[in-house]
Amino acid sequence: MTKDWPALVERAERTHRLTEEELASLLAEPATEEAMALAADRVRAAFVGDAVHLRGLIEFSSFCRRNCHYCGLRRENEKAGRYRLTPEEIVALAEKARGYGYHTVVLQSGEDGWFTAERLADVIRAVKRLDVAVTLSVGERPIGDYRAWRDAGADRFLLRIETTDRALYERLHPGMSYDERRRCLRDLKRLGYEVGTGCLVGLPGQTIDSLARDVLFFQAIDADMVGIGPLVPNEDTPLKGAPPGDMGLVRRMVAAIRLLLPEANIPATTAMETLSPGARERILRSGANVVMPNVTEGEARRLYALYPGKACVADTPEECRFCMAARVKALGRFIGADKGFRRRRANPAPPEKTAAGD
Ligand code: 5AD
Ligand code: SF4
Ligand code: FES
């Protein structure tokens, strides 16, 4: 590599700016990993502090109208066991999440049309009475649905762009459009949601340059949260046989995201832990500040199978709660006592316009 990478890491830590070329050169070089992780950990401590925010994840429906090439819930996967929790069951799980001390409930599902705007709005209103933040992760919808849910009290929305490589995006998501994905993210921002996005690392055909552009995209849209994860190949999908995502590259990506988006909430994700036990702690020391413990119970917990071997699938929500408390404490950090909204510094420098942004 041609660049003097320690100087690049030092400058990224100081200015939170890198060019696409500079980012790509860091991501491509495994030797940068420890220095990037250490710098990202310092930026994390300075901008978002030592709190680790726990978000209780409720996987409320495994029905999905989409056919994403990597995902076990894709509609053509006949082996996937489908379930749908009732609104009452969802609210009951949210109450339990509140009881475990979680201050955010994430309502996640496949793209399931049974949950009309009105049905999900009713669930949101009931969950909001518990004094928790509500994050939705239910995919693409018309702006009217997003507005109805925001009016019902939803605070945040997760919608990964998955990849900013338009051709790759459209290859892996049959019948979906990159522009429509971007439309959703724009609408969500305009409606005042905290918006989370992110990408998969290790998609067949994905390049380091495109990952660098992913990071610049997160910066350009001023993402409030960025969740990424390695591809975990699923035998029941077209991506069976693909190699799993490289956890070293995932760690460099997390560090790069923290360096360039110092205020963002960044989770250590289940897919990371699935591929590499202990990854959650390693990633929490490399820039991340959020974990999303699963509070789904019983059969549903097993059936929500985006990929095989999902971490914690055999544990109970209660076990995960105690387990995470101990792990966070062992890191010398503490569990966030508030809802963990994005903290904004006074007068943040606006992110530069890039080709990826709008
Ligand atoms: N491996 C890793 N992550 C996956 N997702 C879906 N399938 C897989 C897989 N096989 C991720 C997608 C989606 C999120 C909910 O789960 O990025 O946005
Ligand atoms: Fe459905 Fe989401 Fe899986 Fe795609 S990634 S098939 S939209 S659940
Ligand atoms: Fe689930 Fe440790 S967090 S068992």
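Quick look at the structure, then. (Residues numbered from 1 in each chain as written. Chains lettered and ligands numbered in written order. Predicted model: local features only at pLDDT ≥ 70, side-chain atom pairs only at ≥ 80, totals over all residues. Heavy atoms only, no water.)

1. A short note on helix 4 (residues 87–99)
Right, so step 1: A rise of 1.5 Å per residue sets the reference length of helix 4, with its 13 residues, at 18 Å; its end C-alpha atoms lie 19 Å apart and thus fit the reference within 8%.
Right, so step 2: Among all positions in helix 4, only Ile-90, Val-91, Leu-93, Ala-94 and Ala-97 are buried. The arc enclosing the buried residues of helix 4, seen along the axis, measures out at 160°, which places them on a common side. In this structure, helix 4 carries Glu-88 and Gly-99 as exposed residues pointing more than 90 degrees from its buried face.
Right, so step 3: On its buried side, helix 4 packs onto strand 1 (51–61), strand 2 (104–109) and helix 5 (117–128).
Right, so step 4: At the C-terminal side of helix 4, Gly-101 shows a positive phi close to 95°. (Helix = DSSP H or I, 4+ residues; strand = E, 2+ residues; numbered from the N terminus. Expected span 1.5 Å × (residues − 1). Buried < 20%, exposed > 50% of the residue type's maximum accessible area, 1.4 Å probe, protein only. Arc of directions from axis to C-beta. Contact = heavy atoms within 4.5 Å.)

2. Re the site of ligand 2
Right, so step 1: Within the structure, ligand 2 sits among Cys-64, Arg-66, Cys-68, Tyr-70, Cys-71, Leu-73, Arg-74 and Gly-110.
Right, so step 2: The residue makeup of the shell around ligand 2, split by class, is five nonpolar, one polar and two charged. (Near = heavy atom within 4 Å. Nonpolar A, V, L, I, M, F, W, Y, C, P; charged D, E, K, R; others polar.)

3. Side note on the site of ligand 1
Right, so step 1: Contacts to ligand 1 come from Tyr-70, Cys-71, Gln-108, Arg-160, Glu-162, Leu-200, Pro-230, Leu-231, Val-232, Leu-306 and Tyr-307.
Right, so step 2: Tyr-70 is positioned such that a nitrogen or oxygen atom in its backbone is 2.9 Å from a nitrogen atom of ligand 1.
Right, so step 3: Taking Arg-160, its side chain carries an N or O atom lying 2.8 Å from an oxygen atom of ligand 1.
Right, so step 4: Coverage of ligand 1 by the protein amounts to 87% of the 410 Å² it exposes when considered alone.
Right, so step 5: A per-class count over the shell around ligand 1 returns eight nonpolar, one polar and two charged. (Polar contact = N/O pair within 3.5 Å; in protein donor to acceptor, adjacent residues only side chain to side chain. Areas by Shrake-Rupley, 256 points an atom, 1.4 Å probe, with all protein chains shown as cover.)

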